[in-house]
Structures are given as C-alpha cells and as structure tokens.
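# Geometric and topological summary
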Amino acid sequence: MKYTAKRIGMLLITMVLVSLLTFVAFSLVSGDPAQTKLGVEATPEALAALRHEWGLDRPLIVRYISWLGGFFTGDLGVSYRYGSPVWSLVAPKLGLTLLMCLMSFLLIVVISIPLGVWSHRWVGGAFDWVHTAFNQLCMAVPPFFTGILLSYAFGILLRVFVPGESIDLGAHLARSLRHLFFAAVCVAIPRIAMTVRMMRATVVGEMNKAYVRTAISRGNDRHGVLWGHVLKNSLVATVTFLGQTMAEIIGGSIVVEQVFGVPGLGSFLVSSINTRDYPVVQTIVVILAFWVVLAGTLADLIDRAIDPRLRLGGTK
Amino acid sequence: MKRKVIASLLALALILAALAGCAGKTTPTASSSDLNAAEKTGRAAANELVVGIAQDFDSLDPDHMTAAGTKEVLFNVFEGLVKPTSAGDIVPAVASAVEKSADGLSYVFTLREGVKFHNGNAVTMDDVVYSIERRRNGEDAAAKLAPLDIISGLEPSADGKTLTVTLSEPSNEFLAYIMNAYILPADYADQETAPVGTGPYKFVSRAVQDNLVLERFADYWGQGGSLDKVTFKILESAEGLVLGLQSGALDLVAHLTTTQTKQLNAADFKVEQGSMNLVQALYLNNAVAPFDDVRVRQALCYAISKQQIIDLAFDGYGIPLGTSMFPSFGKYYDESLTDYYTYDTDRAKELLTEAGYPDGFDMTITVPSNYQPHVDTAEAIKMQLETVGINVTILPVEWGAWLEDVYGGRQFESTITGLTSDNMTARKLLERFGSQQSNNFTNYNNADYDAILAKAVSAADDAEQTELYRQLEKNLTENAANVYIQDMADLVAVRTGVEGLTFYPLYVLDVSLLRWA
Amino acid sequence: MKKKLNGYLLAGLIITGLLLALTILGTFWTPHSPTAQSGLKFEAPSAAHLLGTDKLGRDIFSRVLRGMGTTLSIAVATVLIGAVAGTLIGAVTGYFGGAVDDVLMRLNDAITAFPSILLALVVISILGPQSKINLVLALGLVFIPSFARVTRTAFAGLRDMNYITSARLMGASSGRILALHMLPNTLRVLLPALTIGFNNAVLAEASMSFLRITPLETSLGYMLSESQGMFASAPWYALAAGITIVLQVFGVGLIGEGLQRLNGGDA
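Residues numbered from 1 in each chain as written. Chains lettered and ligands numbered in written order. Predicted model: local features only at pLDDT ≥ 70, side-chain atom pairs only at ≥ 80, totals over all residues.

### Here we look at the overall build of chain C
A count of helices and strands for chain C gives 9 helices and 0 strands. Secondary structure elements in chain C, listed N-terminal to C-terminal, are α-α-α-α-α-α-α-α-α. Across its three principal axes, chain C shows a C-alpha extent of roughly 75 × 50 × 30 Å. Put simply, chain C has 267 residues, and 55% of those count as buried. If you take every contact in chain C between residues at least 6 apart in sequence, the share linking residues at least 24 apart comes to 69%. (Helix = DSSP H or I, 4+ residues; strand = E, 2+ residues; numbered from the N terminus. Buried ≥ 20, exposed ≤ 12 C-beta atoms within 10 Å, placed from the backbone. Contact = placed C-beta atoms within 7 Å.)

### Focus on the overall build of chain A
Of the regular secondary structure elements, chain A holds 13 helices and 0 strands. The N-to-C order of helical and strand elements in chain A reads α-α-α-α-α-α-α-α-α-α-α-α-α. Its C-alpha atoms give chain A principal-axis dimensions of roughly 85 × 55 × 35 Å. When the 316 residues of chain A are sorted by exposure, 48% land in the buried category.

### Digging into the environment of threonine 27 of chain C
Residues and elements named next belong to chain C. Position of threonine 27 relative to the elements: it lies in helix H1 (residues 2-28). Residue classification places threonine 27 among the partly exposed positions, given that 15 C-beta atoms sit within 10 Å. In the structure, threonine 27 is positioned 40 residues away from glycine 67 in sequence and 9.3 Å away in space, judged by C-alpha atoms.

### Comments concerning the interface of chain C and chain A
Facing 36 residues of chain C, the contacting portion of chain A comprises 38 residues. Of all the secondary-structure elements, those providing two or more residues to the side of chain C that touches chain A are H1, helix H3 (98-113), helix H4 (116-127), helix H7 (174-210) and helix H9 (235-262) of chain C. Sorting elements by how many residues they give to the side of chain C that touches chain A places H9 of chain C first, with 9 residues. In terms of residue class, the side of chain C that touches chain A is made up of 23 nonpolar, 8 polar and 5 charged. (Nonpolar A, V, L, I, M, F, W, Y, C, P; charged D, E, K, R; others polar.)

### Notes on the sheet that holds strand E11 (residues 252-256) of chain B
Residues and elements named next belong to chain B. In spatial order, the strands read E8-E9-E10-E1-E11-E19-E12; together these 7 strands make up an open sheet with mixed pairing. What marks the edges here is a single partner per strand, and that holds for strand E8 (201-207) and strand E12 (269-275). When the angles between neighbouring strand axes are averaged without regard to direction, this sheet yields 20°. In the sheet, strand E1 (residues 48-53) pairs with strand E10 (residues 229-234) via 6 bridges, with the strands oriented parallel. Bridge pairing in E10 links isoleucine 53 to isoleucine 234. Of the strands in this sheet, E1, E10, E11, E12 and strand E19 (489-495) touch helix H6 (residues 238-247), which is tilted by about 155° from E1. (Pairing = 2+ DSSP bridges. Axes fitted to C-alpha atoms, helices over the stretch in contact; angles between N-to-C directions.)

### Quick word on the environment of lysine 474 of chain B
All names here are of chain B. With respect to the secondary-structure elements, lysine 474 resides in helix H15 (residues 462-478). You can call lysine 474 partly exposed: it has 17 C-beta atoms within 10 Å. Along the primary structure lysine 474 and glutamate 431 are separated by 43 residues, whereas in three dimensions their C-alpha atoms are 14 Å apart. Every residue in contact with lysine 474, bar those within four places of it in the chain, is listed here: Asp334 and Leu337.

### Quick look at the pairing of strand E9 (residues 211-216) of chain B
Residues and elements named next belong to chain B. In this sheet, E9 lies alongside E8 in antiparallel orientation, the contact comprising 6 bridges. By the bridge assignment, alanine 207 is partnered in E9 with asparagine 211. Here E8 hands over to E9 after 3 residues, with glutamine 209 in that stretch at a positive phi of 65°. As judged from the 5 bridges shared by E9 and E10, these two strands associate in the antiparallel manner. Bridged to leucine 212 within E10 is phenylalanine 232.

### Points about the confidence of the model for chain A
Note: predicted coordinates in regions of low pLDDT should not be interpreted at a detailed level. Residue-level pLDDT values for chain A average 84, and 95% of them are 70 or greater. No element of chain A has a lower mean pLDDT than helix H13 (residues 308-313) of chain A, at 65, and none a higher one than helix H5 (residues 86-119) of chain A, at 91. (pLDDT = per-residue confidence, 0-100.)

### Remarks on the domain arrangement of chain A
Residues and elements named next belong to chain A. Partitioning chain A into structural domains gives domain 1 (2-73) and domain 2 (90-313). The distance between the C-alpha centroids of domain 1 and domain 2 comes to 33 Å. Opposite the 14 residues of domain 1 that make contact, domain 2 presents 16 residues. Mapped onto the side of domain 1 that touches domain 2, the elements with two or more residues apiece are helix H1 (2-28) and helix H2 (33-38). Per-class residue counts for the side of domain 1 that touches domain 2 are 7 nonpolar, 6 polar and 1 charged. (Domains from an automatic or database assignment.)

### As for the sheet that holds strand E7 (residues 162-167) of chain B
All names here are of chain B. An order of E4-E5-E7-E6 is seen for the 4 strands of this open sheet, with the pairing classed as antiparallel. Each edge of the open sheet carries a strand with a single partner, namely strand E4 (95-100) and strand E6 (151-156). Averaged over all pairs of adjacent strands, the angle between strand axes in this sheet comes to 15°, irrespective of strand direction. Bridge count for E4 against strand E5 (residues 106-111) is 5 bridges, and the pairing is antiparallel. The residue bridging alanine 97 from the neighbouring strand is threonine 110, located in E5. The sheet strands contacting helix H4 (residues 125-136) are E5, E6 and E7, and the helix crosses E6 at an angle near 170°.

Here it is, written out as structure tokens:
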C-alpha cells in the first residue's frame with residue numbers, strides 16, 4: 001500500500017515536471033498567439049488587450065500556477081484559436097486515439113503472447129532462422145508504409161473501409177471501427193514482433209531453469225508445465241514490456257493517424273503547436289504524458305501483485 | 001518439425017481470419033466502380049454531398065477570416081448587401097436595390113423584404129448598420145476593413161427601409177468592398193462557434209480539424225440550394241484527398257494537380273477545368289539579401305522558365321503571368337509583360353556575376369505543405385535554379401505556421417503561394433506592394449510604385465485608373481519584385497452524377513448551384 | 001550451433017554492406033540526376049530507369065540512391081548524439097548516485113513521458129526547422145533518455161565490483177575509472193542499444209519527413225509520403241522507397257541479433 005502511494009506520488013511529480021517543461025518550452029518558442037489570432041493588420045492596442053485577456057502579460061510562474069490551479073479544478077482553459085473550451089475540442093479526438101491505441105494493444109496481446117510462448121519450440125530448430133528473420137523484418141516495417149499498402153489494398157481495391165471518410169462512432173459504428181482497425185494493425189505489427197521476441201527469450205530462459213527440468217523429468221506434461229508454470233513466471237517481464245508498449249504505441253499512432261485520415265490527438269497537437277494554441281498543446285501534452293507514466297506505473301503495480309518476491313525486495 | 005510448421009501456419013491463419021472477419025461485414029462487390037456507384041447513390045438518395053478541402057478554417061466569423069480556403073466555403077453561409085455573380089458582376093443581395101448618386105459620393109441601399117437570418121429572425125436595419133460598423137470602426141481590430149474608411153456617414157431612413165451611405169471621396173471600387181461587409185445579427189456574440197448569416201446554406205456543426213456541415217436554408221430569400229446537406233471534410237494531406245475520392249468518401253475536390261487527377265477512375269469522376277484566378281509566384285522577401293538586389297531578382301526571372309514549370313508540373317494547364325494580374329481582369333491585365341523576361345540562363349549568370357554571386361548562392365523556399373501544386377512548383381524551380389548554381393532548400397510548413405511566420409511575420413527568404421483578389425478588384429492585387437501596406441509581406445519598397453498607387457486608388461476616372469494600374473504592373477515586372485509564374489488551372493474532380501459546378505472569377509465554391517442529376 | 005548463430009551477423013553485414021556501398025555510390029554518382037528531369041513522367045521501370053520515373057520525370061532509382069544517404073546520415077548523427085550524451089549522463093548518475101542521480105533520472109522520466117515524435121516536434125518548433133542540423137539535434141535529444149537509462153544500470157552494476165573498488169583505492173581519478181575501467185565493460189549493453197537506436201532513428205527520420213516537418217530533402221520518408229498519392233499510377237515509387245527503408249532497418253536489426261547471440265544471449 002505504501003509502495004502504491006509512493007508510485008502515485010512519483011507519477012504526480014513526473015506529471016508536474018512535464019507540464020512545467022512544456023510551459024517553459026513554449027515560452028521559448030517564437031510567435032505570438034495574439035498576433036496569430038488577430039492577423040497581420042491588428043493594432044498594437046488590440047494585441048495588448050488580447051494578451052491581457054489571455055493572461056499572457058503575467059510572469060511565467062504566475063501563469064503556470066494559475067494553469068495548474070485550473071487543471072485541478074477541471075478548468076483547462078479556452079482554445080486561443082477556436083474560442084471553445086479546450087476539453088470540448090480535445091475529448092472527441094482523445095476518444096479516437098485511445099480507441100485506436102486500445103485496439104492496437106489488444107491485437108498485440110492476443111497475437112503475441114500465444115506466438116511468443118509457442119515460438120520457444122523453434123529455438124535451435126531448422127526453421128529458427130525463418131522465424132527470427134521474419135520477426136526482424138516485421139520490426140523493420142514503418143507503420144506508415146504498412147498504412148499506405150493497407151489503405152490501397154483494403155480501402156481502394158477490396159473496399160473494406162473508406163479512407164478519407166469522417167470517423168463517426170455514433171452514426172456508423174461498424175464502419176468507423178473497421179477504419180480504426182486497419183490503422184491499429186499498422187501500429188501493432190512491429191510491436192507484435194518485438195513482444196514475440198521478448199516473450200521467446202523469457203520463456204526460453206525460464207524453460208532452462210531447474211524447476212522446469214525437474215517438473216518435466218518427473219513426468220509432468222511438457223505442455224502443462226509450459227502454459228502453467230513457465231507462462232506465469234514469464235508474466236512479470238511481459239507485463240513490464242507491455243507497459244512500455246502501451247506507452248509507445250501512442251507515439252506511433254501519430255503518423256498512422258495522418259495516413260488513415262484519423263482526426264486524432266496527434267494531428268491536433270501538431271497543428272496546435274503550429275498555431276501557438278498553448279492551452280490545447282498543454283492539455284494534449286499532459287494527457288499523453290499521463291498515459292505514458294500511467295502505463296509504466298500500472299505495469300509496475302501489476303508486477304508486484306503477481307510476484308510476491310518483488311514486494312519483499314523493497315526499494316528497487 | 002511438422003508441428004512447428006503447422007503452428008506457424010495456424011498463427012498466420014488466425015491473423016488472416018481476423019482480417020477476413022472484418023472484411024466479411026461489408027457487402028462483397030466485384031469491382032471498385034460498382035461500389036463507387038453504391039456509395040454515390042446512397043448520398044444521391046439522401047441528397048447530400050461531401051466536399052474534400054485541404055485545410056481547417058481559420059475562423060467561422062466572416063469578419064475575422066483571412067484564409068482564402070475559409071472564404072471559399074463560407075461564401076455559402078454569408079452575404080453582404082450586394083454579392084458577386086459567376087459572371088463577375090455585383091448584384092443586390094440583402095439589399096434589393098442600390099442607387100449611386102451622380103457625384104459618386106453617396107449610395108442608397110434598399111433593404112430587401114423578407115430576408116431572414118439562419119436563426120429565424122428577420123434582418124433589420126439595425127443589423128445592417130451594426131454589420132457595416134463592425135467592419136469600419138475598428139472596435140474589433142481583426143474585423144476592420146481599412147478601405148471602408150472612406151465611409152463618412154451611415155443614415156438609415158426613418159422607416160428603416162433604406163440606408164444612405166455617404167463617402168468622403170468617390171471610389172469606383174466601393175461596392176466591391178461593401179460586398180465583404182457581411183450582414184450579421186446585431187450584437188450576436190457566438191459567430192466564432194455557431195455562425196449565423198443569411199446565405200443559402202446554414203451552419204450545422206463543426207468538428208475541429210475534421211469537418212464542417214452545412215444544411216440548406218429553407219427560408220432563403222432567393223433561389224436556394226438544391227442539396228439538403230453539404231459536408232466539407234478536411235484532409236490536410238494531398239494524398240488523403242485523392243485516396244478519399246478513390247474510396248468514395250468524397251464527391252468533389254477542387255484545386256487538384258494533374259498528377260492527382262490522373263489517379264482517378266475516369267468512369268467515376270469528371271475533371272472540370274477552370275482558372276484559379278490567382279497570381280502564383282515565387283514571392284521574394286525584398287528586404288533580405290540577396291533578394292534586396294534587383295539584379296539577383298532579375299537573374300531569377302531569367303533562370304526560371306514559367307512554361308517549363310507549367311508543362312512539367314501541371315501538364316501544360318495554366319496561364320503564364322509576368323506580373324501581379326491575371327486575364328480575368330480584362331482591361332487591367334497587361335499581357336505584354338508575360339514575356340518581359342525570356343528564359344535565358346546565360347543572362348541570369350551574367351546578372352548574378354554583376355551582383356557578386358558568380359557561383360550562385362543557397363536559398364530557401366518556404367511552401368505551405370498542404371498545397372501540393374505549390375510544393376510541385378517549388379520542386380520544378382529547384383531543378384531549374386540548379387543550372388545557374390543556385391542551391392534551393394524547400395521547407396514545407398504547416399498552413400498555420402505559414403500564415404504566422406511568412407505572411408504575418410515576414411520571416412522568410414522566398415515562398416510560393418497564390419494571391420487572390422477576394423472582392424474582384426484589381427486594386428487588391430496591386431495595393432499590397434505599396435511600401436506602407438501592412439500586408440506587403442514581400443517588403444517591396446519602391447518610391448515610384450507608392451506614388452502611382454496613391455494616385456490610382458483615388459482616381460475617379462475609370463480610364464485613368466486603369467492606366468495607372470497598368471503602370472503599377474509594369475513597375476513590378478521591371479523591378480522583378482517577384483518571379484511571377486502563372487494563373488493556375490483549377491482542376492476540380494466531380495463525381496459522375498453531380499452537376500452544376502460553376503466557376504467564379506473569385507476563389508469560391510458555390511454549393512447552392514450543385515445538384516445530383 | 002555457433003555457425004548458425006553467425007548467419008544472422010553475416011546476412012546482416014551483407015545487406016547493410018550492400019546498402020552502404022550503394023549509399024556511398026549514390027553520394028558521388030547516380031545514373032541520372034536525382035533532382036532533374038531525365039525522362040517522361042511516370043515511366044514504368046525499364047533498363048534506362050531501373051525503378052521508373054516520378055511525377056516530374058525524375059529517375060526514381062537515382063532518388064532512392066541519394067535518399068539513402070540523407071536518411072542514413074541523419075540516423076547515424078542522431079544515434080551518435082543520443083549515445084554520447086546518454087552514456088555521459090548514465091555514467092555520471094550510475095557511478096555517483098545520490099542527489100545528481102535523483103534529479104537527472106526524474107528529468108529523464110519526464111522527457112521519456114513525451115512520446116518521441118512529439119518531443120522532436122517541440123524541439124524543432126523551438127529551434128526552427130530551417131536545417132538538417134536542427135532535426136538531428138531534436139532527434140538526438142529524444143534518444144538521450146533511453147541510452148542514459150541503459151548505461152546508468154550498467155555503470156551502477158559495475159560500481160561495486162572489486163576491480164573498481166581497488167582502482168579507486170589505488171587513487172585513480174573518477175574520470176579515469178569511468179573511461180578506462182568501466183566504459184569498455186558496458187559495451188555489451190551499449191552495442192544492442194546502438195543497433196536498436198539506429199533502427200528507431202531511421203524510422204523517426206522517415207516519420208518526420210513523412211509528416212513533412214523537415215526540409216524537403218531527397219529523403220526516403222519524404223519520397224514515401226509523396227508517392228502515397230500516386231499509388232495508382234506509380235506503385236513502384238512507394239514500394240522502392242518503402243522497401244529500402246525496411247532493408248536499412250532489417251540489415252542492422254540482423255547485425256544486432258547476430259551480435260547478441262555471439263555474446264551468449266539467445267534472443
């Protein structure tokens with residue numbers, strides 16, 4: 001319990017640090033949001049008035065503290081560019097990106113865990129190299145390249161989904177999910193390969209341990225030992241790895257969003273940076289960072305729940 | 001060993017099954033054309049249309065919008081007292097009649113009866129006065145339209161049916177400017193998020209960076225639109241737009257390149273060709289070295305072949321230009337300037353040597369990355385300039401950044417873009433090169449030019465004004481203010497079955513004329 | 001057994017070697033100019049144009065040759081920055097521990113919490129996207145944390161080894177211990193990190209130019225991006241650029257696999 005509290009504390013510190021870094025970073029970026037908003041022909045008075053309205057004339061630290069206060073009271077501010085509350089703009093995009101990432105994550109888990117466990121059998125075999133090479137190949141394929149190929153094959157030739165269509169989960173759920181599914185596949189492929197590789201190494205390592213050899217030599221079913229003991233003992237490493245994967249697919253999704261025309265967080269962030277829409281940028285960065293840190297923390301906590309040794313081990 | 005192979009085959013089958021499972025849900029179709037037809041009839045039956053556009057809207061408040069792409073769409077939502085026609089005339093809109101006094105110093109607008117806003121309220125004289133004042137008085141700096149400064153008085157009649165506008169000096173272009181004073185409900189604060197106008201289409205919804213939905217306005221005063229619903233889908237990559245057309249997601253996309261239209265199935269789309277009515281040029285920042293030297297600018301003009309660019313990147317579609325004016329402007333357009341600089345790399349090298357750059361130099365062309373034609377032009381120019389030793393770096397930037405850094409901040413060496421006249425006046429295309437103009441992003445600074453411009457703007461006599469405008473054009477060419485390239489062809493892909501696409505001498509897409517056959 | 005394991009290394013070296021040879025060739029000589037028109041538009045692959053021509057009639061094979069160099073040089077420079085700075089930070093924090101360790105590692109965590117492309121984007125918008133150097137700096141910064149983490153663990157593990165302790169007792173300076181005694185022993189973890197880092201850098205550079213955030217160089221990512229819209233009339237363009245990226249990463253990946261197996265680890 002104490003550990004959980006400590007992890008959550010660390011999570012919070014990281015988040016505060018991330019948001020502070022973003023604040024500082026954007027105070028270094030050239031460009032004035034008021035100028036962007038009012039256009040080239042704006043008078044200096046109008047610019048000054050708008051800067052005052054947005055609070056940009058206050059010192060950095062005051063702005064940061066007031067933002068932090070707003071954040072904890074659920075007020076994320078108003079977008080400079082669109083004049084609407086940030087949350088109302090970000091929420092639908094967050095939904096799409098999260099859905100896509102979750103689909104991708106699900107694919108990774110469902111495909112790579114059985115494959116990873118299975119694959120230990122190839123070790124040392126004649127086809128080991130085929131498997132290893134194929135694995136390396138999958139890791140080498142950039143998601144956007146897969147995206148181009150899949151868009152053309154499944155979008156234009158086979159017409160399974162409609163590239164370029166607005167994704168509207170409310171109006172046509174099945175179509176939208178199919179659209180997101182293909183995007184998720186592109187993100188998942190290299191990650192599946194990495195997870196399989198990692199699983200394989202862990203399982204092989206585990207299979208060579210004394211308790212497994214003993215169990216098998218005592219006449220236990222090899223299959224049973226594999227799926228029972230070995231898998232359980234490989235879980236810690238797997239969960240840690242999946243935690244990292246969870247964090248990294250959200251980064252990979254940005255380019256894929258572009259290929260599939262998914263109006264997600266990634267493209268919104270890029271354009272908000274370019275138009276100096278800081279309230280939006282700040283919110284998205286914090287959401288993404290939260291996602292990354294949360295994935296790590298969760299993986300850590302789950303690991304400790306699975307493996308009692310970690311709880312005894314204490315500090316590290 | 002066999003088991004391992006089988007296991008791997010099983011795994012592969014699993015993946016394929018997952019994919020096939022998804023595929024199974026759609027109706028199986030034989031060819032792409034078939035399904036295109038199905039998509040089409042679906043939307044045709046619902047009387048809807050999806051138009052693909054390349055950029056998000058900079059503002060939904062018509063008095064705040066600056067991007068041509070925004071004006072192009074919101075043209076359907078907002079109107080002024082008068083509005084443009086596809087023939088290039090200005091006709092009454094929210095006003096039913098306009099009368100100009102003999103001395104040109106006053107205009108009387110009669111308010112049209114029965115004009116309603118999209119929110120159902122009738123348009124009153126208060127709304128009209130409010131709307132003009134908003135563009136004129138500068139209380140809202142972003143809404144200010146400087147040429148309306150010549151208005152010296154607004155007098156509504158006692159019965160609220162006519163409005164007399166008096167001017168401090170006569171202007172041949174007054175109607176063209178008052179056209180952009182869109183009639184909005186007085187003191188309505190939510191234009192930015194829920195715009196209300198009087199046009200044939202009304203705003204329904206907007207998803208930022210995704211789409212804008214318009215619906216036919218049933219109470220429109222005139223001949224309204226035919227389509228019930230028009231969705232503008234934003235796809236910021238040029239590739240995405242083509243893919244969207246191919247997949248059936250989009251019905252109409254304008255401003256395509258020939259490379260893009262070639263990707264389309266001829267049975268599904270017809271490609272209509274109009275003119276973009278813009279001046280595409282390699283715009284040079286006249287204030288930075290080496291472009292502050294007229295010899296360098298002239299050298300670029302000699303080293304760049306407009307026709308070669310048009311042939312190479314645009315398959316020959318496009319009208320070469322030599323100055324900041326295009327043929328739609330008729331009498332204002334001086335065609336002889338087009339060939340002022342003939343393609344001559346030797347002459348270019350001579351000029352570069354004179355200017356102190358015998359071995360050329362490095363330069364950067366900043367291009368808005370979502371406009372493929374400009375990117376293609378930049379690549380063609382890069383190829384040409386290499387032959388005179390000029391090494392070009394092409395820097396693509398997002399549209400918002402382009403507006404901010406290049407157009408607003410003037411932080412650039414050179415850029416490729418197309419400048420339009422959003423109110424059908426020749427003045428709009430020339431005025432911006434006056435050294436004191438706030439939108440003179442190229443920093444062109446020429447005393448002669450400023451002097452002629454001042455005379456031209458206030459000239460009351462049409463023939464004199466025309467002559468002065470032509471002198472301005474000549475000045476820009478002789479001093480090689482920029483490397484003028486072309487008035488681009490506007491290639492519009494329209495799904496078979498959609499009719500009524502009409503080209504304007506303005507950068508607008510009038511969806512009220514579109515219909516399913 | 002041993003022979004089979006070296007197969008990966010061999011295959012990886014062959015692929016990478018061939019690509020490297022082509023890259024070097026492409027830097028000095030290409031069959032046609034990669035940036036000038038040399039044929040009609042969209043010619044199909046032929047003897048004159050091995051991979052056909054693009055929308056401006058440029059030879060795709062020449063462009064791919066030149067693009068490999070751009071992508072490779074950016075990737076290598078990025079990894080170098082990441083590895084050198086990361087190892088320095090890792091060494092200092094791992095060896096000394098304490099408050100420096102805490103502060104730097106918290107910062108490390110915070111930077112890692114930004115997804116990598118986003119971090120690069122932010123850095124580029126601070127530095128301005130005007131040059132290749134800014135891109136390399138931005139990507140390099142993104143790669144520092146992972147190297148720092150890997151080397152920190154290795155240095156921390158070595159810190160209490162007997163031979164280090166004795167070196168310290170003999171009066172060796174910290175710098176000397178770090179550079180001479182510890183660094184060589186961390187190579188085992190550093191090498192795989194380098195190959196993985198290289199792969200990530202190639203993909204990151206390709207992603208950045210795919211999103212058109214960087215100058216339009218003849219880079220593989222940019223070519224892939226522009227070829228997307230021409231897939232119907234010139235599929236070979238997208239395939240050529242895409243497969244080249246895959247091979248670049250694949251080759252180095254195999255080398256990494258081979259090295260790891262030589263070092264005794266299985267996978």
